[in-house]
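Commentary on secondary and tertiary structure
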Amino acid sequence: MNLNQLKVFYYAAKHGGLSRAAEALFITQPAVTKGIQRLQEQYNLRLFNRFGKKMVLTDAGEVLFDFAEKIFQIEGQAEEIIRDLQQRKKGHIRIDATETFGAYYLPAIVNPLSKSNPHIRISVNILPNDFVVEQTASLNNDLGFISYPQEHKNLIIREVLEDKLVVIAHPDHAFSRKNSLTPAELDGQFIIMHEEKSATRITTEVFFKKHGVSPLIPMELSSNEAIKRAVEQDIGLGIMSRNVVSEEIRKGTLKAIQLSDPSMKRKFHMIHHKDKYISESLQQLIDRVYQWSSN
């Protein structure tokens, strides 16, 4: 079997189309088409059915895809081990994390490790939750940290943090003089929301629905920093982890108010591929995460 043709087929099935497979493999779309055609001709089997622009695996295609996935996972694991052997003296840990955990919690874990082990190089990318899962499942990183769990047959997942959310307000806002707020007090308030499908947005919407709260939403923003700046301009209230606004609270540019119902919280999870080769340096980091999580 020609492994190059198999990889073309695998990427076309994985990404759901010829053009996306071509982009992922850095080849042309006609080359993808030709690779699949030759594979089908070699075994005299149809691997895809087309429905308009949509490509759907046939029964034979599904069987071959399962084997191809195993083959390329093993290839990825072999490359990981070789890279670790090449870099064993200096080490290199690649981490993908969602925004809140990567920006506000991960430094407390990796900075001490980097300081005590300067030979270990740590790379951190901030990505959306789905991308972190995809990168981890594809063995394109060593560890991932996600804002809400997503089941995947190739991933090991462990909860590492339960984080309560607070309401943040401009110092001149009427709520800033309160020690706590009831959910009902948020009804009809201007609240700057995180983007749809983000972990904080999902948690917030579930909480609002539970209490029958209908806020007014003047803005939807995709980052904590952007929301903090908008609240500092007194455009509305915000909802996020207290740790995210600790510096602004210290400076007095924002106020944080607890909610009387403590159920407004979110969880973070650490993930890695179940067949991931755990190097000595990576094990040190995992041990630090567990230690940090238990405190």
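Structure's up top.
Residues numbered from 1 in each chain as written. Predicted model: local features only at pLDDT ≥ 70, side-chain atom pairs only at ≥ 80, totals over all residues. Heavy atoms only, no water.

1. Regarding the pattern of salt bridges
Where charged atoms from two side chains of opposite charge approach closely, those side chains can pair. In total, this model carries 20 salt bridges according to the counting rule given. Two residues, Lys 267 and Glu 159, come together in a salt bridge whose shortest N-O distance is 3.7 Å. Of this pair, Lys 267 sits in strand E12 (residues 265-273) while Glu 159 is found in strand E6 (residues 155-169), placing the two residues 108 residues apart along the sequence. Taking relative accessible area as the criterion, Glu 159 reaches 37% and is therefore assigned partly exposed. Two residues, Glu 220 and Arg 201, come together in a salt bridge whose shortest N-O distance is 3.0 Å. Placement of Glu 220 in strand E9 (residues 220-221) and of Arg 201 in helix H8 (residues 199-211) is noted, with a sequence separation of 19 residues between them. Members of the salt-bridge network, linked through shared partners, are Glu 225, Lys 228, Arg 229, Glu 232 and Glu 248. (Salt bridge = Lys/Arg side-chain N within 4 Å of Asp/Glu carboxyl O. Helix = DSSP H or I, 4+ residues; strand = E, 2+ residues; numbered from the N terminus. Buried < 20%, exposed > 50% of the residue type's maximum accessible area, 1.4 Å probe, protein only.)

2. Section: the packing of aromatic side chains
Applying the stated criterion across every chain, the model contains eleven aromatic pairs. Ring centres 5.3 Å apart and planes at 40 degrees place the aromatic pair Tyr 10 and Phe 72 in the tilted group. One end of the pair, Tyr 10, is in helix H1 (residues 3-15); the other, Phe 72, is in helix H4 (residues 59-86), with 62 residues separating them in the sequence. A network of ring pairs unites the aromatic residues Phe 101, Tyr 105, Phe 145, Phe 268 and Trp 292 as a single cluster. Lys 70 extends its terminal NZ or CZ atom over the ring of Phe 67, reaching a point 5.5 Å from the ring centre. (Phe/Tyr/Trp six-rings, centres within 6.5 Å; stacked < 30°, edge-to-face > 60°. Lys NZ or Arg CZ within 6 Å of the ring centre and 35° of its normal.)

3. Topic: empty space enclosed by the protein
If a probe the size of a water molecule is rolled over the atoms, the empty space left behind becomes visible. Per the counting criterion, the structure on display carries one cavity of 30 Å³ or more. Volume-wise, the largest cavity comes out at about 30 Å³. In this structure, the largest cavity is lined by Ile 192, Met 193, His 194, Thr 200, Thr 204 and Ile 239. When residues in the lining of the largest cavity are grouped by element, the largest group, three residues, is from strand E8 (residues 191-194). A breakdown of the residues in the lining of the largest cavity according to their chemical character gives three nonpolar, three polar and no charged. (1 Å grid on protein atoms, 1.4 Å probe; cavity = no way out; pocket = protein on both sides within 12 Å on 5 of 7 lines; lining within 4 Å. Points joined across faces, edges and corners; volume = space filled by probe spheres on them. Nonpolar A, V, L, I, M, F, W, Y, C, P; charged D, E, K, R; others polar.)

4. Some points on the pairing of strand E2 (residues 54-57)
Inspection of the sheet shows strand E1 (residues 48-51) paired to E2 by four bridges, in the antiparallel sense. Along E2, the bridge assignment pairs Phe 51 with Lys 54. (Pairing = 2+ DSSP bridges.)

5. A short note on the side chain of Thr 203
With respect to the element layout, Thr 203 can be found in helix H8. With relative accessibility at 16%, the residue Thr 203 sits in the buried group. Sequence-distant contacts of Thr 203, that is, excluding residues within four places in its chain, are made with Leu 165, Met 264, Lys 265 and Arg 266. (Contact = heavy atoms within 4.5 Å.)

6. Concerning the packing of helix H6 (residues 106-116) against helix H11 (residues 280-294)
Contact geometry for H6 and H11: axes closest at 10 Å, N-to-C directions at 135 degrees. Between H6 and H11, the crossing angle belongs to the class labelled oblique. Between H6 and H11 lies a crossing of right-handed hand. Listed contacts from H11 to Ala 108, Ile 109, Val 110, Pro 112, Leu 113 and Ser 116 of H6 are Gln 284, Leu 285, Arg 288, Val 289 and Trp 292. For the contact of H6 with H11, the class distribution of residues is eight nonpolar, two polar and one charged. (Axes fitted to C-alpha atoms, helices over the stretch in contact; angles between N-to-C directions. Parallel < 35°, antiparallel > 145°, perpendicular 65-115°, else oblique. Left-handed = near helix turned anticlockwise from the far one by under 90°.)

7. Description of the packing of H1 against helix H3 (residues 29-43)
Helix packing geometry: the angle between the two helix axes and the distance between the axes. Interhelical geometry of H1 versus H3 gives an angle of 110 degrees and a closest axis separation of 8 Å. On the basis of the axis angle, H1 is roughly perpendicular to H3. Crossing geometry of H1 relative to H3 is assigned as left-handed. Side by side, H1 and H3 meet where Gln 5, Leu 6, Val 8, Phe 9 and Ala 12 of the first sit next to Val 32, Gly 35, Ile 36, Arg 38, Leu 39 and Gln 42 of the second. Looking at the contact of H1 with H3 residue by residue, the classes come out as seven nonpolar, three polar and one charged.

All we've got here are geometric facts, nothing functional implied.
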